[in-house]
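In case you want the letters, here they are:
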Amino acid sequence: ISRDTDHFLEYFTPSIARYARDPELHARSVAKALLQIAEDGASHQKKVRITPLFVPGESLGRPA
């Protein structure tokens, strides 16, 4: 199982199970924190957890 995803992993045989995150959601979270720092001078935002999506693959011995 790969911890991250990358476009090149789609070309492996057998397909590799991996975790993927939504880049748009990640960018929004980062942008929101940066805007808050720019406005307030400090980050008072609580921690935000972005749970990655599991992308099953044949590397686990099961068909995708």
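To be clear, the structure that these remarks concern was listed above.
Residues numbered from 1 in each chain as written. Predicted model: local features only at pLDDT ≥ 70, side-chain atom pairs only at ≥ 80, totals over all residues. Heavy atoms only, no water.

**Digging into the overall build of the chain**
Alright, step 1. Of regular secondary structure, the chain possesses one helix and two strands.
Alright, step 2. Reading the chain from its N terminus to its C terminus gives the helix and strand order β-α-β.
Alright, step 3. Burial status across the chain gives 14% buried among its 64 residues.
Alright, step 4. Across the chain, contacts joining residues at least 24 apart in sequence account for 48% of those joining residues at least 6 apart.
Alright, step 5. Approximately 5500 Å² of the chain is accessible, and the part contributed by carbon and sulfur atoms is 57%. (Helix = DSSP H or I, 4+ residues; strand = E, 2+ residues; numbered from the N terminus. Buried < 20%, exposed > 50% of the residue type's maximum accessible area, 1.4 Å probe, protein only. Contact = heavy atoms within 4.5 Å. Areas by Shrake-Rupley, 256 points an atom, 1.4 Å probe, with all protein chains shown as cover.)

**Some thoughts on the pattern of salt bridges**
Alright, step 1. Scanning all chains against the criterion turns up one salt bridge.
Alright, step 2. The closest approach of N and O atoms between E24 and R28, which form a salt bridge, is 2.5 Å. With a gap of four residues between them, E24 and R28 both fall in helix α1 (residues 23-40), about one helical turn apart.
Alright, step 3. Since its relative accessible area comes to 47%, E24 is described here as partly exposed.
Alright, step 4. When its relative accessible area of 55% is taken as the criterion, R28 is described as exposed. (Salt bridge = Lys/Arg side-chain N within 4 Å of Asp/Glu carboxyl O.)

**Re a nonpolar patch on the surface**
Alright, step 1. Nonpolar side chains collect at one region of the surface, where I1, Y19, F54 and L60 lie side by side and expose about 360 Å² of accessible area between them.
Alright, step 2. Tracing the backbone shows F54 in strand β2 (residues 53-55).
Alright, step 3. The partly exposed category is assigned to F54, whose relative accessible area is 36%. (Patch = residues over 30% accessible without salt bridge, like charges linked within 9 Å, V, L, I, M, F, W, Y side chains within 5 Å.)

**So, the environment of I16**
Alright, step 1. Within the element layout of this structure, I16 appears in the segment before β1 (18-20).
Alright, step 2. Assessed through its relative accessible area of 18%, I16 is described here as buried.
Alright, step 3. Counting along the chain gives 39 residues from I16 to V55, while the straight-line C-alpha distance between them is 8.4 Å.
Alright, step 4. Aside from chain neighbours lying at most four places away, what touches I16 is S2, L9, V55, G57 and S59.

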